[in-house]
Amino acid sequence: MIRFSLLGSGSKGNAVYVVAPGAKILIDSGFSYKRLCERLAAIGEQIEGLQAVFVTHEHIDHVRGLGVLSRKLRVPIYITPATFENLPDGTGQLDNVHYFEAGSSLRVGDLTLTSFSVSHDAADPVGYVVQNGTAKLGIATDLGHTPTLVKMRLAGANALILESNHCPQMLLNGTYPPSLQQRIRSKFGHLSNADMTSLLSELIHDALRFVVLAHISEENNDRRLAYEMALGALKGH
């Protein structure tokens, strides 16, 4: 069994908490230490006993609390070398750093995490598949498109966390400057609702139980729209 919770998703902060027998990890640490503890407490969990933090990429909304967390707990930080080299200046010293290359598989307790490269405007961004003997969780946010590699890694997941960042029409009519709009729409940006539904329709199988839509823009999307489009992709499953 794997249990997971999105402690936050979006430009204000990102962190995914994952628990399995013998394992307790975070994927990203985009909140201050205090806020992270508060969000864990809200789901009846504590930060004590955390065994590892896995980083997807170096953008501040994914690593805001990484330095303080590392220095307070000395928890192992798993990160690619290029991501480490491009961490924000304010991160400070990280203790107990473990490097890996995109595509590697890493083990913590009963969990195996397999990383895979994604297309985003960062140094070496990755997504993760988290597995134990009975369950598979696929995490794919902060990516501009979904090549075959991404689909292969996510295939067969029992639970998915998928980006559904924006509605193209709302983005076009919104307040973002053209340069930022172009970045978001590019293959190094973020998935739209339509991109999400296309991906989801290819990943549907009878053992898929949970789909969580993530990194939904507050200004350039509507949660109900994303939800209804996802339901359409599920086609009654």
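Everything here concerns the structure above.
Just checking my understanding: could you explain the overall build of the protein chain for this structure?
A tally of helices and strands in the protein chain yields 9 helices and 12 strands. For 237 residues, the compact-globule estimate of 2.2 N^0.38 gives 18 Å, and the protein chain sits close to it at 17 Å. Expressed along its principal axes, the backbone C-alpha trace of the protein chain runs to roughly 45 × 40 × 35 Å. Expressed as a percentage of the 237 residues in the protein chain, the buried residues total 52%. Pairs at least 24 apart in sequence give 59% of the contacts found in the protein chain among residues at least 6 apart. Of the roughly 10700 Å² of accessible surface on the protein chain, 51% is carried by carbon and sulfur atoms. Computed over 21 positive and 22 negative side-chain charges, the separation of the two mean positions in the protein chain equals 4 Å.

Teacher, can you tell me more about the packing of aromatic side chains here?
The way to describe two aromatic rings as a pair is by their centre distance and the angle between their planes. Scanning the model with the defined rule gives 4 aromatic pairs in all. Ring geometry for Phe-84 and Tyr-99: centres 5.5 Å apart, planes at 80°, overall edge-to-face. Taken together, the residues span a long stretch of sequence, with Phe-84 in helix H4 (residues 81-85) and Tyr-99 in strand E6 (residues 97-99) at a distance of 15 residues. What makes Tyr-99 partly exposed here is its relative accessible area of 47%. Seen from their ring centres, Phe-100 and Tyr-128 are 6.3 Å apart, and the 55° between their planes marks the pair as tilted. Of this pair, Phe-100 sits in the loop between E6 and strand E7 (105-108) while Tyr-128 sits in strand E9 (residues 126-131), and the two are 28 residues apart along the sequence. Tyr-128 shares its class with Phe-100; the two are buried. Among the aromatic residues, those joined into a ring-pair cluster are Phe-54, Tyr-78, Phe-100 and Tyr-128. Lying across the ring of Tyr-33, Lys-72 places its NZ or CZ 5.1 Å from the centre.

Would you explain the sheet that holds strand E2 (residues 15-20) in this entry?
The strands that make up a sheet pair up through hydrogen bonds in the backbone, lying either parallel or antiparallel. Reading across from one edge, E1-E2-E3-E4-E5-E6 is the order of the 6 strands in this open sheet, with mixed pairing throughout. This sheet does not close on itself; its edge strands, each paired only once, are strand E1 (3-8) and E6. Recorded for the sheet is a direction-independent mean angle of 25° between the axes of neighbouring strands. Pairing geometry for strand E3 (residues 23-27) and strand E4 (residues 52-54), over 3 bridges, is parallel. Its bridge partner lying in E4, Ile-25 is registered against Ala-52. Helix H1 (residues 33-42) contacts E1, E2 and E3 of the sheet and is inclined by roughly 135° relative to E1.

I'm lost on the environment of Ala-155 in this one. Help?
Following the sequence through the fold, Ala-155 ends up in the loop between helix H5 (148-154) and strand E11 (159-163). The spatial distance from the C-alpha of Ala-155 to the C-alpha of Leu-225 is 25 Å, given a sequence separation of 70 residues. Among all residues touching Ala-155, those that are not within four sequence positions of it are Lys-136 and Leu-203.

What should I look at first to understand the pattern of salt bridges in this one?
Any two side chains of opposite charge can pair, given that their charged atoms come close. Across all of its chains, the model carries 7 salt bridges by this definition. Between Glu-202 and Lys-151 there is a salt bridge; the shortest N-O distance is 3.0 Å. Taken as a pair, Glu-202 in helix H8 (residues 193-203) and Lys-151 in helix H5 lie far apart in primary sequence, 51 residues in all.

How should I be thinking about the sheet that holds E9 in this particular structure?
Ordered in space as E7-E8-E9-E10-E11-E12, the 6 strands form an open sheet in which the pairing is mixed. In this open sheet, the two edge strands, each paired with only one partner strand, are E7 and strand E12 (210-214). Averaged over neighbouring strand pairs, the angle between their axes works out to 15° when direction is ignored. One ladder, built from 4 bridges, connects strand E10 (residues 136-140) with E11; its direction is parallel. When the sheet's bridge partners are listed, Ala-140 is paired in E11 with Leu-162.

Reading the values: rules and limits
- Residues numbered from 1 in each chain as written.
- Predicted model: local features only at pLDDT ≥ 70, side-chain atom pairs only at ≥ 80, totals over all residues.
- Heavy atoms only, no water.
- Helix = DSSP H or I, 4+ residues; strand = E, 2+ residues; numbered from the N terminus.
- Rg over C-alpha atoms; globule rule 2.2 N^0.38 Å.
- Buried < 20%, exposed > 50% of the residue type's maximum accessible area, 1.4 Å probe, protein only.
- Contact = heavy atoms within 4.5 Å.
- Areas by Shrake-Rupley, 256 points an atom, 1.4 Å probe, with all protein chains shown as cover.
- Lys, Arg positive; Asp, Glu negative; His and termini not counted.
- Charge placed at Lys NZ, Arg CZ, Asp CG, Glu CD.
- Phe/Tyr/Trp six-rings, centres within 6.5 Å; stacked < 30°, edge-to-face > 60°.
- Lys NZ or Arg CZ within 6 Å of the ring centre and 35° of its normal.
- Pairing = 2+ DSSP bridges.
- Axes fitted to C-alpha atoms, helices over the stretch in contact; angles between N-to-C directions.
- Salt bridge = Lys/Arg side-chain N within 4 Å of Asp/Glu carboxyl O.

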